[in-house]
Number of protein chains: 2
Amino acid sequence: MTDPDSTSGEEPGIDPNAFRDDDDRISPHWLERLRAFLIAGRSEDIATVMQPLYSSDVGDVLESLDADERLLLVRLLGENFDYSALTEVDESIRVELMEELPNAEIARGMAGLDNDDAVFILEDMEQVDRDEVLAKLPTFERLSLKRSLDFPEDSAGRRMLTDFIAIPPFWTVGQTIDYLRREVDLPDEFYQIYVVDASYSVLGTIPLDKFIRAPRTTSIESMMNTNLVLVDANEDQEEAARDFERYDLVEIGVVDESNRLVGVLTIDDIVDVIHEEADEDIKLLAGVGDEDISDSTADTVRSRVPWLIVNLFSAVMVSMVIGLFNATIEQMVALAVLMPIVASMGGNAGTQTMTVTVRALSMRELDGRRLRRLITREMVVGLFNGVIFAVLIGLVTWLRFNNLQLGGVIGLAMVINMAVAGTAGILIPLTLDKFKADPAIASSVFVTTVTDVVGFFAFLGIAGLWFGLF
Amino acid sequence: MTDPDSTSGEEPGIDPNAFRDDDDRISPHWLERLRAFLIAGRSEDIATVMQPLYSSDVGDVLESLDADERLLLVRLLGENFDYSALTEVDESIRVELMEELPNAEIARGMAGLDNDDAVFILEDMEQVDRDEVLAKLPTFERLSLKRSLDFPEDSAGRRMLTDFIAIPPFWTVGQTIDYLRREVDLPDEFYQIYVVDASYSVLGTIPLDKFIRAPRTTSIESMMNTNLVLVDANEDQEEAARDFERYDLVEIGVVDESNRLVGVLTIDDIVDVIHEEADEDIKLLAGVGDEDISDSTADTVRSRVPWLIVNLFSAVMVSMVIGLFNATIEQMVALAVLMPIVASMGGNAGTQTMTVTVRALSMRELDGRRLRRLITREMVVGLFNGVIFAVLIGLVTWLRFNNLQLGGVIGLAMVINMAVAGTAGILIPLTLDKFKADPAIASSVFVTTVTDVVGFFAFLGIAGLWFGLF
């Protein structure tokens, strides 16, 4: 299955010339062939081309197809469709597919999944449909899924695998190896072994690489790591992600209220969480909310309008500030021509500071001392940049309008607005954070409102005073 | 070492009441005590309080201290200072510390590190200092570090661990276990075993969880996974990160040009790469480049000024467009009061579309069909939002200025600018991507320039025509 031409040695189980193009996107030829098979209803050929794909590849294929083609693909694949691919697609696609497929078919698909994948898919379903699917599952799976679904959304309990290796402390390495070799019903993948007491309280953990190197006679108790890192099942997945990053973990035990081990989180789920979290910050800063490229036009409009309305309020307010200087502008139209420059530069400088602050907050990098240092730095930077750009724009204005005084006025307004931009850029996200609001959501609009208002007010106000236009 | 009060069961090796506060930041009390020890030069007490910390915690402590305190801490800790903590701090702090510390001391610190951590620290040093440090290391370490440093910056070869478990295919599980138990010089952590031929070409891999469950007599060849995922040492770390995510890996083999296994990448390095990558997008979109909160004021100014200069050009250009309508504004000052609204709404709508596009590009989500779908969607969304906000702002303007026609003019300009914003928001990042430029860097300024120019031009132009002001 490896590609002899590839300089990177090998590619995973697929011929990259066939499935992915040089840009790492799904090859158009491959997709066209699949489409032809779909139209012709050739389910065996479809199964053959889909078979070597990893579930993330199948997810990519689903995202590349149109809605009707997606449904057709799942139907024609039948039992060969790997439902774990649904964990790899945008939410809107998952929801849409789950609505189209019969619940009995979904239940069959769920039965083959790891419980974390099944929970991930089921949590987006309507309550009625979800109950119907759960009712069709074997008792043990049903109870285990229900327990996970009882934990809050985005909690460690929702994301955990309920299968893990737990052994008593009085065993030896030899006994444990024999148990692992004998026992059939073990998790597919595991990176550490949990040592528990009779009530499933965790006493210690043993990473596999350490375990495998110990002689058979070693007692488990003597070799286990008692420096425990565990997370509460009710804890937010982002907290768990921080533990993974901080302590370079690949697996972490999840415990319930009574401190019993109920599951494990593995790094692959956490990688997704880290991605989502950073993605969320980017999107919230731009006011696009929890949006995917697969969302429908109507959903997209719905998700963006609220932010634009907030911005409209801000813009109207700013315009009212300008309105105060009606008479001033009437006497000197050059002011109208120049005023957006001051506002725009302030907006950009403020956004720079705000972005650094929002990221530092979401990565918990700001304690007392660092915070004071950052505030001081940003104010100084604002002032410094203010002076630099005051001189630049002052010169440009002087030359353009042949009016030295106008250059002085715009320069002065620029210094003021850049200094305010630095201050607002840091204080606004900090204040939102203090009041437990997500600074990524609302900072942008507040910062640009401040820099617009101050920019226009300072420039028009100073001009009015200077030139005696009031 | 566990905390009996904590509902999350336990915390890792440290008493959270002492080291971290409820917000997961370093407790001010803990820091004050450390500062007191530093001032008093009580190195033993310092070693005692630092000893239970993980290296990421030590990194956090370094970031919380002032520059002189940091140096003092490292000096007073002496041999007890764990250099791997330097991989957990901002680059500016690392560089500054390395400049202050004697090279002999750094060489001593490097000797105790995993080679990926040592490379991470050494790559930021001046060539002269680096050579001096390398010269002081034992031959084997020196050669291994030099080889890693020969690979391009941010490549898999730079991030790889050069320690791994490689065995021949003709061994049995039993032989391998005996080898692992006997051999002292093995990597600290490993998740899979590599099966190689005499020239170190990878024949297969065996994950530990599968290996541990196989009977002693099983032949390695019969159980190895030949569906190989390997990365080229010269490949960018972001490409490797994509493989980890796509195939849910925890470890991946790294091969050189002649296909020899030269090292492994583990998931903890990749988590950092994923973080950096997302962080980069956010910061580039805001024009703050590769900046940390620990950067000095001067570095910060230097990093931000270029972007602000680009924005100044854009703002001056926009102002020249407004200048074209000097006479129009003179006759109707209300236009100057209203014009920023059209530009601001367009800028926001354009930024929304641009952000979604930039993210989709950096996550490789856009192939032909999805791209066409996204373009269509964004244009329709732009038009749709344009109509919604045209009506809103038209009404507001009508009421505010008691001028229905002015409401009509601003509404019309709004529809035009929002539609243009949607189109520019998607086409600009796509074009940059086509020309192999990073769309995150330059899209923002292009998009807002377009929406400003079109916003002012459309509004003032339509108003001029409508009211016969030209």
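Residues numbered from 1 in each chain as written. Chains lettered and ligands numbered in written order. Predicted model: local features only at pLDDT ≥ 70, side-chain atom pairs only at ≥ 80, totals over all residues. Heavy atoms only, no water.

- In the annotation of an unreviewed UniProt entry, chain A is listed under the name Magnesium transporter MgtE and assigned to Devosia litorisediminis.
- A UniProt comment under Subunit (unreviewed entry) is attached to chain A, and it reads "Homodimer."
- Looking at chain A in UniProt, the text filed under Function (unreviewed entry) is "Acts as a magnesium transporter." (UniProt positions renumbered as here; feature names shortened; annotations may be inferred.)

1. So, the overall build of chain A
Okay, step 1: The secondary structure content of chain A amounts to 22 helices and six strands.
Okay, step 2: Since a compact globule built from 470 residues should have a radius of gyration of about 23 Å, the 30 Å found for chain A marks it as more spread out than a globular shape.
Okay, step 3: Overall, chain A is about 95 × 60 × 50 Å in size when its C-alpha atoms are taken along their principal axes.
Okay, step 4: Taking all 470 residues of chain A together, 60% fall into the buried category.
Okay, step 5: For chain A, the proportion of contacts with a sequence separation of at least 24, taken over those separated by at least 6, is 64%.
Okay, step 6: Looking at chain A as shown, the accessible area adds up to about 18,800 Å², and 55% of this sits on carbon and sulfur atoms.
Okay, step 7: Charged side chains of chain A number 37 positive and 80 negative; the gap between the two group centres comes to 5 Å. (Helix = DSSP H or I, 4+ residues; strand = E, 2+ residues; numbered from the N terminus. Rg over C-alpha atoms; globule rule 2.2 N^0.38 Å. Buried < 20%, exposed > 50% of the residue type's maximum accessible area, 1.4 Å probe, protein only. Contact = heavy atoms within 4.5 Å. Areas by Shrake-Rupley, 256 points an atom, 1.4 Å probe, with all protein chains shown as cover. Lys, Arg positive; Asp, Glu negative; His and termini not counted. Charge placed at Lys NZ, Arg CZ, Asp CG, Glu CD.)

2. Some thoughts on the domain arrangement of chain A
Okay, step 1: The domain architecture assigned to chain A consists of domain 1 (16–152), domain 2 (166–286) and domain 3 (297–466).
Okay, step 2: Between the C-alpha centres of domain 1 of chain A and domain 3 of chain A the distance comes to 47 Å. (Domains from an automatic or database assignment.)

3. Quick word on the environment of Asp114 of chain A
Okay, step 1: Within the secondary structure layout, Asp114 of chain A lies in the loop between helix 7 (103–111) and helix 8 (115–122).
Okay, step 2: In this structure, the C-alpha to C-alpha distance between Asp114 of chain A and Ser84 of chain A, residues 30 residues apart in sequence, is 8.3 Å.

4. Here we look at the relation of the copies chain B and chain A
Okay, step 1: Here chain B sits on chain A after a turn of 180° about the axis and a move of 0.0 Å along it, with an RMSD of 0.0 Å. Taken together, the rotation angle and the small translation identify this as a two-fold axis.
Okay, step 2: Looking at the interface residues of chain B, 99% of them are also at the interface in chain A, so both copies use one shared face. (Least-squares fit on C-alpha atoms with pLDDT ≥ 70 in both.)

5. Description of the nonpolar core
Okay, step 1: Membership of the largest hydrophobic core comes to 84 residues, with the highest contact counts inside it found for Met339, Ile341 and Phe459 of chain A together with Met339, Ile341, Met414 and Phe459 of chain B.
Okay, step 2: Beyond its immediate stretch of four places on either side in the chain, Phe459 of chain A contacts Leu335, Leu338, Met339, Val342, Val409, Ile410, Ala413 and Val454 of chain A.
Okay, step 3: Within the second largest apolar cluster, 44 residues are counted, among which are Met160, Tyr191, Ala241 and Leu249 of chain B. (Core = buried A, V, L, I, M, F, W, Y, C linked by side-chain atoms within 4.5 Å.)

6. Let's talk about a nonpolar patch on the surface
Okay, step 1: Residues Val387, Val391, Leu395, Trp398, Leu399 and Leu404 of chain A make up a contiguous nonpolar surface patch of roughly 590 Å² in combined accessible area.
Okay, step 2: If you tally residues by element for the nonpolar patch, the top one is helix 20 (residues 368–401) of chain A, at five residues. (Patch = residues over 30% accessible without salt bridge, like charges linked within 9 Å, V, L, I, M, F, W, Y side chains within 5 Å. Salt bridge = Lys/Arg side-chain N within 4 Å of Asp/Glu carboxyl O.)

7. Section: the interface of chain B and chain A
Okay, step 1: In this complex, chain B contributes 145 residues to the contact, which on the side of chain A involves 143 residues.
Okay, step 2: Summing both partners gives a buried area of about 12,400 Å² for chain B against chain A, and 57% of it is carried by carbon and sulfur.
Okay, step 3: Considering only the surface of chain B that becomes buried against chain A, Ile212, Arg213 and Ile293 of chain B emerge as the three largest contributors, covering 7% of it.
Okay, step 4: Where Arg373 of chain B meets Asp66 of chain A, a salt bridge forms, and the shortest distance between an N and an O atom there is 2.9 Å.
Okay, step 5: Taken together, chain B and chain A are joined by 48 residue pairs in polar contact (both at pLDDT 80 or more).
Okay, step 6: The element best represented in the side of chain B that touches chain A is helix 19 (residues 334–362) of chain B, accounting for 18 residues.
Okay, step 7: When the residues that make up the side of chain B that touches chain A are grouped by side-chain class, the tally is 69 nonpolar, 25 polar and 51 charged. (Buried area = accessible area lost by both parts, 1.4 Å probe. Polar contact = N/O pair within 3.5 Å; in protein donor to acceptor, adjacent residues only side chain to side chain. Nonpolar A, V, L, I, M, F, W, Y, C, P; charged D, E, K, R; others polar.)

8. Topic: the pattern of salt bridges
Residue and element names in this part refer to chain A.
Okay, step 1: Summed over all chains, the structure comprises 48 salt bridges over all chains.
Okay, step 2: A salt bridge links Arg242 to Glu239; the nearest nitrogen and oxygen atoms lie 3.5 Å apart. Of this pair, Arg242 and Glu239 both sit in helix 15 (residues 237–246), three residues apart, roughly one helical turn.
Okay, step 3: You can call Arg242 buried: its relative accessible area is 11%.

9. Description of the UniProt feature "domain: CBS" (unreviewed entry) in chain A
Okay, step 1: What UniProt calls "domain: CBS" (unreviewed entry) maps, in this numbering, to residues 224–280 of chain A.
Okay, step 2: Helix and strand shares over residues 224–280 of chain A are 42% and 25% respectively, and the end C-alpha atoms of the span are 38 Å apart.

10. Focus: unusual backbone geometry
Okay, step 1: Its identity as a non-glycine residue notwithstanding, Asn402 of chain A has a phi of 50°, on the positive side.
Okay, step 2: Its place among the elements puts Asn402 of chain A in the loop between helix 20 and helix 21 (404–434).
Okay, step 3: The phi angle at Lys436 of chain B is positive, at roughly 60°, despite the residue not being glycine.
Okay, step 4: Relative to the elements of secondary structure, Lys436 of chain B occurs in the loop between helix 21 (404–434) and helix 22 (439–466).

11. Focus: the sheet that holds strand 1 (residues 166–167) of chain A
Okay, step 1: Overall, mixed pairing links the three strands, which are arranged 1-2-3 (chain A) in an open sheet. Among the strands making up the open sheet, the edge pair consists of strand 1 and strand 3 (202–207) of chain A. (Pairing = 2+ DSSP bridges.)

12. So, the packing of aromatic side chains
Residues and elements named next belong to chain A.
Okay, step 1: Taken as a whole, this structure holds 15 aromatic pairs over all chains when the rule is applied.
Okay, step 2: Plain terms: the ring middles of Phe164 and Tyr194 are 6.3 Å apart, the flat faces sit at 75° to each other, and that makes the pair edge-to-face. Pair noted here: Phe164 is in the loop between helix 11 (156–159) and strand 1 and Tyr194 is in strand 2 (residues 192–196), with a separation of 30 residues, a long-range link. Accessibility assignment for this pair places Phe164 and Tyr194 in one class, buried.
Okay, step 3: Each residue in the set Phe164, Tyr194 and Tyr200 is aromatic and connected to the rest through ring pairs, giving one cluster. (Phe/Tyr/Trp six-rings, centres within 6.5 Å; stacked < 30°, edge-to-face > 60°.)

13. Quick look at the sheet that holds strand 3 (residues 202–207) of chain B
Backbone hydrogen bonds hold the strands of a sheet together, and the pairing may be parallel or antiparallel.
Residues and elements named next belong to chain B.
Okay, step 1: Spatially, three strands are ordered 1-2-3 in an open sheet, and the strand pairing comes out mixed. Both outer strands of the open sheet, strand 1 (166–167) and strand 3, are each paired with one neighbouring strand and no more.
Okay, step 2: Two elements, strand 2 (residues 192–196) and strand 3, share five bridges in a ladder whose sense is antiparallel. What sits directly across from Val196, in strand 3, is Val202.

14. Focus on the UniProt feature "transmembrane region" (unreviewed entry) in chain A
All names here are of chain A.
Okay, step 1: Per the UniProt record, "transmembrane region" (unreviewed entry) is found at residues 305–327, 333–358, 379–399, 405–428 and 440–467.
Okay, step 2: Secondary structure content for residues 333–358 is 96% helix and 0% strand, while the C-alpha to C-alpha distance between its ends is 38 Å.
Okay, step 3: As a span, residues 379–399 carries 100% helix and 0% strand, and end to end its C-alpha atoms are 30 Å apart.

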